[in-house]
Protein chains: 2
Amino acid sequence: MRFIHTADWHLGRVFGGQSLIQDQEFVLREFVELVRESKPDAVLISGDIYDRAVPPAAAVELYDQVLSQLIDLRVPVVAIAGNHDGPQRLAFGRQLMSQADYHIAGLPQEEISVVTLHDQHGPVHFHALPYAEPVVVRSLFKQPSISTHQEAMSACLASSVKRMATGGRHVLLAHAFVQGGSETPDSERPLSVGGADRVNASLFENFAYVALGHLHQPHAAGRPQIRYSGSLLKYSFAEEHHVKGVELIELTATGAVQREQIALHPRRDVRSIRVSLEELETQPYSLANREDYLQVILTDSANLMAPINRVREFFPNTLELVIEERLPNSPSNLSAPSFAEKSDIPQPIQMIEAFFEQRFGNSLTQPQYQKIQQILNDLRLQEQEIML
Amino acid sequence: MRFIHTADWHLGRVFGGQSLIQDQEFVLREFVELVRESKPDAVLISGDIYDRAVPPAAAVELYDQVLSQLIDLRVPVVAIAGNHDGPQRLAFGRQLMSQADYHIAGLPQEEISVVTLHDQHGPVHFHALPYAEPVVVRSLFKQPSISTHQEAMSACLASSVKRMATGGRHVLLAHAFVQGGSETPDSERPLSVGGADRVNASLFENFAYVALGHLHQPHAAGRPQIRYSGSLLKYSFAEEHHVKGVELIELTATGAVQREQIALHPRRDVRSIRVSLEELETQPYSLANREDYLQVILTDSANLMAPINRVREFFPNTLELVIEERLPNSPSNLSAPSFAEKSDIPQPIQMIEAFFEQRFGNSLTQPQYQKIQQILNDLRLQEQEIML
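Definitions and cut-offs
- Residues numbered from 1 in each chain as written.
- Chains lettered and ligands numbered in written order.
- Predicted model: local features only at pLDDT ≥ 70, side-chain atom pairs only at ≥ 80, totals over all residues.
- Heavy atoms only, no water.
- Helix = DSSP H or I, 4+ residues; strand = E, 2+ residues; numbered from the N terminus.
- Expected span 1.5 Å × (residues − 1).
- Bend = angle between axes of the 7 residues up to and from the residue.
- Buried < 20%, exposed > 50% of the residue type's maximum accessible area, 1.4 Å probe, protein only.
- Contact = heavy atoms within 4.5 Å.
- Least-squares fit on C-alpha atoms with pLDDT ≥ 70 in both.
- Buried area = accessible area lost by both parts, 1.4 Å probe.
- Salt bridge = Lys/Arg side-chain N within 4 Å of Asp/Glu carboxyl O.
- Polar contact = N/O pair within 3.5 Å; in protein donor to acceptor, adjacent residues only side chain to side chain.
- Axes fitted to C-alpha atoms, helices over the stretch in contact; angles between N-to-C directions.
- Parallel < 35°, antiparallel > 145°, perpendicular 65-115°, else oblique.
- Left-handed = near helix turned anticlockwise from the far one by under 90°.
- Nonpolar A, V, L, I, M, F, W, Y, C, P; charged D, E, K, R; others polar.
- pLDDT = per-residue confidence, 0-100.
- Pairing = 2+ DSSP bridges.

Glancing now at helix α6 (residues 149-164) of chain A. Residues and elements named next belong to chain A. Under the 1.5 Å per step criterion, the end-to-end length of α6 is 22 Å for 16 residues, consistent within 8% with the ideal 22 Å. Considering bend angle alone, the principal kink of α6 is centred on L157 and spans about 45°. For α6, every residue scored as buried is listed here: H149, A152, M153, A155, C156, L157, S159, S160 and M164. Of the surrounding secondary structure, the elements contacted by the buried residues of α6 are β8 (122-128), α5 (134-141), β9 (169-175) and β11 (198-199).

Here it is as structure tokens:
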């Protein structure tokens, strides 16, 4: 059994004011060609198909086109909603489309939906677990004790664990922050604070392969068969040095995994350069790939007039301009922040805590903290249009 | 061949601040039961499935449920986008879902898509023509001369006319304002002004039946086989006296039509009452069906304090309160305005004309008028998220 694992397409993404829809169209053409040539038995898409709950119409149309092409190639598609997707909207027509071998899981359900495909060695079971928001899972299983992502994921997996006891080859699709993951990219919202968003890889023990989405860098989490394919494109400057692509997975008769990353080639790269305006204007500066999406770190004085317009004469798609001397730290930290730095960015609950302390001179009480946490949760659900 | 013709569901409609989603759920349960019992060969939905281009998630979920139930009953569904629907969003998964016998037409195409079903007498061809906005059709056929709805519809129908020349039984789904139609209800946006939105019934000459959507009152337009099924529910007080339901159509071997309206029963009626607060408070006033959605015409003095709150003690779902003595006309005109009255409501272009005249002392020139008309068209397309 051979399948392609991809995730985090974020269709409809706007990056630095720039719609990436044409870039997404471009790279998805290559993706469809890859499917045509490699003829996998299935394509798995592990969530964040869209960048937001109500994506622009052009993003909906693009996904429709790509799906139709994959189904025309007679390749079954199994997909799940990520935290960016609107689960109900995404799963519209779920039952109807499953007849055409497109299997989409929107909201978590008591029993994970399983799609079974066959090769010469027998069946392979694909368990499609969409993004499992703890409040959603708590309400689903009526278990008030569920509060962390670990607990939510564990509850959701119960039906699969039971099913796997009878043997066979099992593959999981999930959208989560799995411990052992190496990064939290700029462009990904933390699911929660204080580590409550982490899920331990040990939950996935009996799966032959776990096709993860959420983190944008391709990497293994915990063991080599638990893997992030990474995103379709670089969606932030922090992702500058990632190699984006998809995973081509081969599952042997015994459920052993052979893998290969196949790189995809974007229309425009996303990268960071450090330069002075004077260098740009006076020296023969390399203008290769000048259409790339750039973060430009200017080493000139901070008193330039409208420097972005002048930089854009050379690099028209400069999305971010940084004046180096206004930075608190050295510029080398800019393009690849470590995790420690990233977690310094205050989360909403932390900002509210700080404000409260400053204003009233004492900390939030436990009930106050919980109440605010709940309001923030409700807001996040509203954003995703989830009704409990 | 027996089929059910319905239209104008307007899922997600908000009426007087009140979401009608539960009312829509209620009446669609009856509809699904009707399909289960009458076992038609097809269900036709003639547009305005949703009330707006980006419907609320609950409306998307409701439509998904209903469709799944119909497909479970093995009844093919043919549907088109109306002027309220976002054509691309609505048609997501079009190709995939057609494999499950749900056939949805979003934007007009050069050739109308045709779904062919069979009975013992041979094939019946269902032509699915979605709402055909003139600017969209003009761009589709690259014919700058297309400006009226009549011209747009005529261009779209060319492929069907050709196809019908070879004989057989043909049924059309369309969403338009067909001349001979009897009304323009309160709740329906005019498609254009000055009659440019009318389509002549003679365009539909060779169809055995034309299943229309757009006008909310069930009625024939031109000849008995060109028919509006009317909307699912009463969506304005002007629709108070409509009998809402669906058409059950039987097509004979020769293409003759027998029809029957089957009424649907809403959770709450929409109606208008004329009463004084004093009568409500002192006399034994009929409170039957007090949950209905009401327009209350108060005959008391206009100087009452917060009368809506007092009226709602009796009729909690009072959506509109009218103080009779503040009305310019007699109250009997209120609930069923004639067409002449309705067209007195100024359209955007007319309001702009009037403003211009008042401000500058002379009328819009022809080029100015056309420019503004074009801007208004563009805005309408944006609202529907159509990109030309």
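Next comes the rest of the write-up.
Below, the discussion takes up the relation of the copies chain B and chain A. The two copies are related by a screw operation: chain B maps onto chain A through 180° of rotation and 0.0 Å of translation along the axis, at an RMSD of 0.0 Å. Expressed as a symmetry operation, the mapping of one chain copy onto the other fits a two-fold axis. Relative to the rotation axis, the closest C-alpha in chain B is found at B:M97, a distance of 2.6 Å. Take the interface residues of chain B: 100% of them recur as interface residues in chain A, which is what a same-surface contact looks like.

Our focus in this paragraph is the interface of chain B and chain A. If you look at the interface, chain B gives 28 residues, while chain A gives 28 residues. Summing the contributions of chain B and of chain A, the shared interface buries around 2,400 Å²; its carbon and sulfur component is 66%. If you sort the residues of chain B by the area they bury against chain A, B:R89, B:F92 and B:L96 come out on top, with a joint share of 30%. Inspection of the region where chain B meets chain A yields 0 salt bridges. Summed over the shared surface of chain B and chain A, the number is 10 residue pairs in polar contact (both at pLDDT 80 or more). When contributions to the side of chain B that touches chain A are tallied by element, the ones reaching two or more residues are α2 (57-72), α3 (87-90) and α4 (94-98) of chain B.

Residues and elements named next belong to chain B. In contact at an axis separation of 10 Å, helix α10 (residues 348-360) and helix α11 (residues 366-383) are set at 140° when each is read in the N-to-C sense. Overall, the two elements α10 and α11 adopt an arrangement that is oblique. The handedness of the crossing between α10 and α11 is right-handed. Between α10 and α11, the contacting residues are P348, I349, I352, E353 and F356 on the first element and Q368, Y369, I372, Q373 and L376 on the second. Taken together, the residues that form the contact of α10 with α11 break down as 7 nonpolar, 2 polar and 1 charged.

Further remarks concern the confidence of the model for chain A. All names here are of chain A. In this model, chain A carries an average pLDDT of 89, and 89% of its residues clear a pLDDT of 70 or more. Scored below 50 in pLDDT, residues 181-185 makes 17 contacts in the model with residues more than four places away or belonging to other chains. Taken as a whole, residues 330-343 scores under 50 in pLDDT and shows 19 contacts with residues more than four places along the chain or in a different chain.

Let's shift gears to the sheet that holds β9(A). Residues and elements named next belong to chain A. Read from one edge of the open sheet, 6 strands run β7-β8-β9-β12-β14-β13, paired in mixed fashion. Edge positions in the sheet fall to β7 (113-119) and β13 (219-221), since each has one partner strand and no second. Mean inter-strand twist for the sheet, computed between neighbouring axes without regard to direction, equals 30°. Sheet topology places β9 next to strand β12 (residues 209-213); 5 bridges connect them, and they run parallel. In the strand pairing of β12, A174 is matched with L212.

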